[in-house]
Amino acid sequence: MDNSEGASTLWGGRFTKSLAGDMLAFSTSLPVDWRLYREDIVGSQAHCRMLAKQGIIAQEEADTICAGLTAILEDIENADVVLDTGRWEDVHSAIEDLLHERVGAVAGKLHTARSRNDQVATDVRLWCREALDSLSRQLCDFQQVLLTQAEVHAATSMPGYTHLQRAQPVTFGHHLLAYVEMFARDFARSRECRARVNVLPLGAAALAGAPYPLDREFVARELGFDAVAANSMDAVSDRDFAIEVLHVCSLIMVHLSRLAAEVILWSSAEFGFVELDDAYATGSSIMPQKKNPDAAELTRGKAGRVFGDLIALLTLMEGLPLTYNRDMQEDKEALFDGVDTTAACLGIMHAVMQSLRVDVKRMVEAVQGGFTTATDLADYLVRKGLPFREAHAVVGSVVRVCLDRGCGLADISLAEYQEVCDRIGADVFDAITVEGSLAARDIPGGTAPKQVRAAIATARARLEQDRSALA
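Residues numbered from 1 in each chain as written. Predicted model: local features only at pLDDT ≥ 70, side-chain atom pairs only at ≥ 80, totals over all residues. Heavy atoms only, no water.

Trainee: Hey, could you run me through the environment of tryptophan 127 in this one?
Mentor: Mapped onto the secondary structure, tryptophan 127 falls in helix α6 (residues 116-152). Taking the relative accessible area as the measure of exposure, tryptophan 127 reaches 9% and is therefore buried. In this view, tryptophan 127 contacts Arg35, Leu36, Glu39, Leu335, Phe336 and Val339; residues no more than four positions away in its chain are not counted. (Helix = DSSP H or I, 4+ residues; strand = E, 2+ residues; numbered from the N terminus. Buried < 20%, exposed > 50% of the residue type's maximum accessible area, 1.4 Å probe, protein only. Contact = heavy atoms within 4.5 Å.)

Trainee: Can you walk me through the packing of α6 against helix α19 (residues 449-470) in this structure?
Mentor: For any two helices packed against each other, the geometry comes down to the angle between their axes and how far apart the axes lie. Relative orientation of the contacting elements α6 and α19 amounts to 160 degrees, with a least axis distance of 10 Å. As judged from the angle between their axes, α6 and α19 are roughly antiparallel. Of the two possible hands of crossing, α6 and α19 adopt the one that is left-handed. On the side of α6, the interface is formed by Asp133, Ser136, Arg137, Cys140, Asp141, Gln143, Gln144, Leu147, Thr148, Ala150 and Glu151, while α19 contributes Ile456, Ala459, Arg460, Arg462, Leu463, Asp466, Arg467 and Leu470. Each residue belonging to the contact of α6 with α19 can be placed in one class, and the counts come to seven nonpolar, four polar and eight charged. (Axes fitted to C-alpha atoms, helices over the stretch in contact; angles between N-to-C directions. Parallel < 35°, antiparallel > 145°, perpendicular 65-115°, else oblique. Left-handed = near helix turned anticlockwise from the far one by under 90°. Nonpolar A, V, L, I, M, F, W, Y, C, P; charged D, E, K, R; others polar.)

Trainee: Sorry if this is basic, but what is going on with the nonpolar core here?
Mentor: For soluble globular proteins, the rule of thumb is that nonpolar side chains tend to be buried together. Ranked by internal contacts, the top residues of the largest apolar core, which has 110 residues, are Phe142, Leu146, Val245, Leu256, Leu335 and Met353. Once you skip the residues sitting within four places of it in the chain, leucine 146 turns out to touch Leu176, Tyr179, Val180, Phe183, Leu259 and Met353. Grouped together as the second largest cluster of nonpolar side chains are 21 residues, Leu377, Val395, Leu409 and Cys421 included. (Core = buried A, V, L, I, M, F, W, Y, C linked by side-chain atoms within 4.5 Å.)

Trainee: I would appreciate a short explanation of the layout of surface pockets in the present structure.
Mentor: Summary: where empty space remains is shown by rolling a probe the size of a single water molecule over the atoms. In this model, the largest pocket occupies a volume close to 340 Å³. Surrounding the largest pocket, 13 residues form its lining, Tyr161, His175, Tyr179, Arg258 and Glu262 being those nearest its centre. Contributions of two or more residues to the lining of the largest pocket are made by α7 (172-197) and α10 (240-266). Across the lining of the largest pocket, the residue classes tally to nine nonpolar, two polar and two charged. (1 Å grid on protein atoms, 1.4 Å probe; cavity = no way out; pocket = protein on both sides within 12 Å on 5 of 7 lines; lining within 4 Å. Points joined across faces, edges and corners; volume = space filled by probe spheres on them.)

Trainee: Quick question: what am I supposed to make of the packing of aromatic side chains here?
Mentor: Any aromatic ring pair is given by two values, namely how distant the centres are and how the planes are angled relative to each other. In the structure shown here, the tally under the stated rule is seven aromatic pairs. Ring centres of tryptophan 127 and phenylalanine 336 lie 4.7 Å apart, and the angle between their planes is 55 degrees; on these two criteria the pair is classed as tilted. In this pair, tryptophan 127 is assigned in helix α6 and phenylalanine 336 in helix α12 (residues 331-355), connecting sequence segments 209 residues apart. Both rings, one in phenylalanine 271 and one in phenylalanine 273, keep their centres 5.4 Å apart while their planes meet at 85 degrees; by these two values the pair is edge-to-face. (Phe/Tyr/Trp six-rings, centres within 6.5 Å; stacked < 30°, edge-to-face > 60°.)

Trainee: Quick question: what am I supposed to make of the pairing of strand β1 (residues 157-162) here?
Mentor: Along any regular strand, the residues point their side chains to alternate faces of the sheet. As paired elements, β1 and strand β2 (residues 165-171) share six bridges and run antiparallel to each other. If you follow glycine 160 over to β2, its bridge partner there is glutamine 168. Connecting β1 to the next strand, β2, in antiparallel fashion are two residues, including histidine 163 with a positive phi near 55 degrees. (Pairing = 2+ DSSP bridges.)

See the structure below:
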């Protein structure tokens, strides 16, 4: 079969046969990379304007091509284009073929001084840039939800945990602020990553650059890139930027997964600290009483999927010789999936935390047990002149007395305290209250309600700056 009878390709002249049907089905990327149609068209228009500016093609030709591309974009967004995997192997060949149908042979001039290698690298960078901007906005919105909850519960006491054992009193607001800090770092990472994404590969051509007087800086300005790639071989073979995007997504998912895990624990009968809104929980097909925290569990589960996307892309790139290899076609599926999954999880956890109902009474009851103010008793003894290691041992003995009697630190008498250590006075009972424990930690970063409110104000100011940077 003559190649002209087969699928529309950009490379058929050297071949006497068209792709076999199974090879075409195996090699096509159209169902995946079609979502790059806007980036492909915008990038092509900027390239075309540059070709005309440099006198490489006529201005009239450029105007015709750009107008044709605009019309194609409108057709696509009006759902007037039907994908045909038997005709097109990728988004680039599809759009060029559609352009040829619309404007005729002049469409063939668009690809002057360009290869699909630098074209796709440009498209993916444009897509990543927008994806990072969108994730950054979501991160800001999510921090806002956490800050709102933290402000309501700036003084709501709860147990802080280590090893999932009750450790010391904290406030629920302070606990939520820990996640605000995590997501603030994620925001910073996303912006740092964006700077490395925002480099223009176009002009590298296949791998060696183009033998035309290109104005790459003009194209960079047209497309909003901060710089042009310094090396043509690196420009077409680099996917570090995509790996970095998935790394940003992976850390966001780590933090979402940790928060989801806590929501799952807190909503259990054993904790009873929170209840998910009915809109974000499900029931059991057999047990009518069940209310399952599925939104949080799915988020926790999807973290592994995003990590897998990152590993897939790392594995794809390791060991590849320069420059472009067809292996790299596989980059987009992992990239798109990782970003889409992260965005979906941010959205659902935003809704979960915004609608979360907090059982303050249950939290306060929980923090009263488990000797959570034992460290405060040790600190009290230090203030009485005891070295901390000795104070630690004394408190351990007091805890043993309480365990034997089945009571708490506040339930034994002053005489019993003094039997263990004669430095203990009547003021000990003020030192071992939950309120006293919280108030004592009145330092920056501490859990004292005063510090929590100050931290919320600081976080809100930072968030405003971050939002302004996105505008």
